[in-house]
Amino acid sequence: MQTLSGIPVKVVYTADDLAGLPGGGDPGTPGEYPYTRGIHPTMYRGRLWTMRQFAGFGTAEDTNRRFHYLLEQGQTGLSVAFDMPTLMGYDSDHPRALGEVGREGVAVDSLADMEVLFAGIPLDRVTTSMTINAPANVLLAMYVAMADRRGIPRDMLGGTTQTDMLKEFIAQKEWIVPPRPSLRLIQDMLVFGTRELPRWNVISISGYHIREAGSTAVQELAFTLADGIAYVEAGLAAGLDVDAFAPRLSFFFDVHNDFFEEIAKFRAARRTWARIMRERFGAKEPRSWWLRTHAQTAGVSLTAQQPLNNIARVAIQALAAVLGGTQSLHTNSMDETYALPTEEAVTVALRTQQILAHESGVRATVDPLGGSYFVEALTSSMEEAAWEYIRKIDQMGGMVAAVEAGYPQREIAEASYRFQQQVERRERIIVGVNEFGAADEPAIPILRIDPETERRQAARTRDLRASRDNARVEGSLDALRRAARDGGNTMEHVLECVKAYATLGEVCDVFRGVYGEYREPAFI
Amino acid sequence: MARAVRILLAKPGLDGHDRGVKVVARALRDAGCEVIYTGLHQTPEMIVAAAVQEDVDAIGLSILSGAHNVLFPRVTALLAEQGAAEIAVFGGGIIPEEDVPGLAEAGIRRVFCPGTSLSEIVQWVKEHIRPRGVAA
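Residues numbered from 1 in each chain as written. Chains lettered and ligands numbered in written order. Predicted model: local features only at pLDDT ≥ 70, side-chain atom pairs only at ≥ 80, totals over all residues.

Draft legend 1. Fine view of the overall build of chain B. The helix and strand inventory of chain B stands at 5 helices and 5 strands. Taken from N to C terminus, the helices and strands of chain B fall in the order β-α-β-α-β-α-β-α-β-α. A compact globule built from 136 residues should have a C-alpha radius of gyration of about 14 Å, and chain B, at 14 Å, falls within 12% of that. For chain B, the spread of C-alpha atoms along the three principal axes comes to 40 × 35 × 25 Å. Counting all 136 residues of chain B, 52% fall into the buried class. (Helix = DSSP H or I, 4+ residues; strand = E, 2+ residues; numbered from the N terminus. Rg over C-alpha atoms; globule rule 2.2 N^0.38 Å. Buried ≥ 20, exposed ≤ 12 C-beta atoms within 10 Å, placed from the backbone.)

Draft legend 2. Quick peek at the interface of chain A and chain B. Tallying the contact residues gives 32 residues for chain A and 30 residues for chain B. Elements that contribute at least two residues to the side of chain A that touches chain B include exactly helix H4 (84–87) and helix H18 (407–424) of chain A. (Contact = placed C-beta atoms within 7 Å.)

Draft legend 3. Seen up close, the pairing of strand E1 (residues 6–10) of chain B. Residues and elements named next belong to chain B. The element E1 is largely enclosed, with a buried count of 4 among its 5 residues. Here E1 runs beside strand E2 (residues 34–37); their pairing, made up of 4 bridges, is parallel. Each residue of the ladder has a partner; that of Arg-6, found in E2, is Glu-34. The handedness of the E1 to E2 crossover, carried by helix H1 (residues 19–30), is right-handed. (Pairing = 2+ DSSP bridges. Right-handed = clockwise from strand over helix to strand, strands pointing away.)

Draft legend 4. Fine view of unusual backbone geometry. All names here are of chain A. Note that the residue after Tyr-33, namely Pro-34, is joined by a cis bond; omega there is 0 degrees. Residue position: Pro-34 is located in the loop between helix H1 (15–19) and helix H2 (43–46). In this structure, Asp-367 is a non-glycine residue whose phi angle is positive, near 40 degrees. In this structure, Asp-367 sits in the loop between helix H15 (343–358) and helix H16 (373–395).

Draft legend 5. Structural view of the nonpolar core. Core analysis: the largest hydrophobic core is formed by 189 residues, its most contacted members being A:Ala141, A:Met142, A:Ala226, A:Ala386, A:Val498 and B:Ile59. Here this core takes 11 residues from helix H10 (residues 217–237) of chain A, the largest share from any one element. A:Met142 has contacts with A:Leu111, A:Met114 and A:Val498, leaving out every residue within four places of it along the chain. (Core = buried A, V, L, I, M, F, W, Y, C linked by C-beta atoms within 7 Å.)

Draft legend 6. Representation of the sheet that holds strand E10 (residues 328–330) of chain A. Residue and element names in this part refer to chain A. Strands sit in the order E1-E10-E9-E8-E7 across an open sheet of 5 strands; the sheet is parallel. The sheet is open, and its two borders are formed by strand E1 (50–51) and strand E7 (203–206), each paired with just one other strand. Where E1 and E10 come together, 2 bridges link them in parallel fashion. What sits directly across from Thr-50, in E10, is Ser-328.

Draft legend 7. View of the environment of A:Tyr44. Residue and element names in this part refer to chain A. Here Tyr-44 lies in helix H2. Separated by 313 residues in the primary sequence, Tyr-44 and Ala-357 have C-alpha atoms spaced 9.0 Å apart. Among residues more than four places away in sequence, those in contact with Tyr-44 are Trp-49 and Arg-363.

Draft legend 8. Quick peek at the sheet that holds strand E4 (residues 88–93) of chain B. All names here are of chain B. The parallel open sheet is built from 5 strands, whose spatial order is E2-E1-E3-E4-E5. The sheet terminates laterally at E2 and strand E5 (110–112), the two strands that pair on one side only. The mean angle between the axes of side-by-side strands here comes to 20 degrees, regardless of whether they run parallel or antiparallel. The strands touched by helix H2 (residues 44–54) are E1, E2 and strand E3 (58–63); relative to E1, the strand with the most contacts, the crossing angle is about 165 degrees. (Axes fitted to C-alpha atoms, helices over the stretch in contact; angles between N-to-C directions.)

Draft legend 9. Local environment of helix H19 (residues 452–467) of chain A. Residue and element names in this part refer to chain A. Look at H19: 23 Å from first C-alpha to last across 16 residues, which is about the 22 Å you get at 1.5 Å a residue. Taken as a whole, H19 has its buried residues at Thr-453, Glu-454, Gln-457, Ala-458 and Thr-461. Viewed along the axis of H19, the buried residues span an arc of 125 degrees, placing them on a single side of the element. Every exposed residue of H19 that faces more than 90 degrees away from the buried side is listed here: Glu-452, Ala-459, Asp-463, Ala-466 and Ser-467. (Expected span 1.5 Å × (residues − 1). Arc of directions from axis to C-beta.)

Draft legend 10. View of the packing of H10(A) against H16(A). All names here are of chain A. Here H10 crosses H16 at 50 degrees, and the two axes come no closer than 9 Å. Comparing the axis directions of H10 and H16 gives the class oblique. Relative to H16, the crossing made by H10 is right-handed. Of H16, the residues touching H10 (which contributes Val-218, Leu-221, Ala-222, Leu-225 and Ala-226) are Met-382, Ala-385, Ala-386, Tyr-389, Ile-390 and Ile-393. Of the residues in the contact of H10 with H16, the class split is 11 nonpolar, no polar and no charged. (Parallel < 35°, antiparallel > 145°, perpendicular 65-115°, else oblique. Left-handed = near helix turned anticlockwise from the far one by under 90°. Nonpolar A, V, L, I, M, F, W, Y, C, P; charged D, E, K, R; others polar.)

In structure tokens, the structure reads:
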């Protein structure tokens, strides 16, 4: 037998399996380097994980209503899903936005939309995560501009922008400019964030999308940490002290079906990152050694067949994330293979976390599986396999060069095809899909997006362009263009642009004009 | 001997979810088809131009963003405008069952909804797509 990643698994593990491990397999103490057992000594007794459901659809008004609903249901943090045009830096009235507006997330074209999206939400009391990458600088600027306008000090703003462009080139594939200028814009954000936003995670280094694109757990772990290395190098190259910005780097992992492998992955991730930060980068602050992470259950593992079964899958995955010591968690809804979740489906997903937190008892003890012969051996196997990949990527000249060569992309495509073939050959059983099928499946209700949304949103953005101070917009865009071309931090200029109500598309057009658009070489 | 079936697989729209289309591409190739993959973020115009230029027998479209009701019919309409309506169009992705009749009306020959197996897709292509200009 093997794990989902192909690591061989024995029938039984004994003390002999630990004896062969470095340090005799002693995982150490929670809250102490290398943090295998968790970054905090008291973990969920000190502070429960944040229940953070990713949400966004339609217009800013639609999503604002869902945010208020989720907060009323006991959710403790916000997480914004943006639509495809926003993710790619196009306004809702751009020809390329045709048919996409508000479909997979919320459309945000300008500061005006952002103000509607967060109406009635206390920015100094909730933390907000934004899944935004290529135009992360623009959305972060809008969030800061909104807080400035409300008189909320910048050092009170807590949250995360994903800003992880390397994993976009590797897996999620929403980009604007090529990898190297993308890294340059991220450096500007790191410098700005380090100076202005002490509670903001500027980059959330994300394995989630790598896994969803079909990688194994080991590839997810290794590529994510290698991306992290590239961002630390970018921060150092921008002249920052490692301990000034490393504590604000956060992570985001998938949590899939293979229960123990997933738990081991979180433990191995913490240990490996701590070693990278301390030994490779010479960080001195313990907070720089910490791998703080968000986790999300695996959308890719959900099945269209017998969708109620997905509730069970999500519960098992969520338990693995908690036993793995995550800091926050999103649980997927059972209907996500069909559409964005309905309110009922998302409520069940949130309730699953609440049951884990308040009924199961698992929050009482830190890393309860620490010392398990099997879990310790598996944690070490995953760490070793991750180091092997990291060494290979180092030899290629680091992750940016590896991405340009298409290396992680090809590794993932191969793993994904291998898995699908195993399913087709029924070497892997997926309940309801290639075994235990049902002849008659009742349909479940799904969320429909009103096709009028696109027309309304596009009209709103056209009206905005007609009513704002266009001389101020042009002036701020010109200043940004000069900074992008000649060097100098672009963030203050982006902030000026959004305050003048320049649109997302207009700001991103500046970057497209200066750096060119990225085109991926198509390979199968 | 008849030549192999030529299929253009394409990702219209802005979504970057390409795990599915790549897996399908490999499966069709393993089944003996000639597969051309456009890459991501294609407009309907780009897809139709590529299909005509490559002289394909069929186009397979993959969308996971929900834009299928707008973008799939646009591809068939453009093919008709260019006098290339004999190129068969099929598609798949996050497409609810209830959208299928509308897409069929727009000339989409087959829609593969969530949960479709690779063998179902390969089987359908083998049965329904013939090299153009060769008697079926």
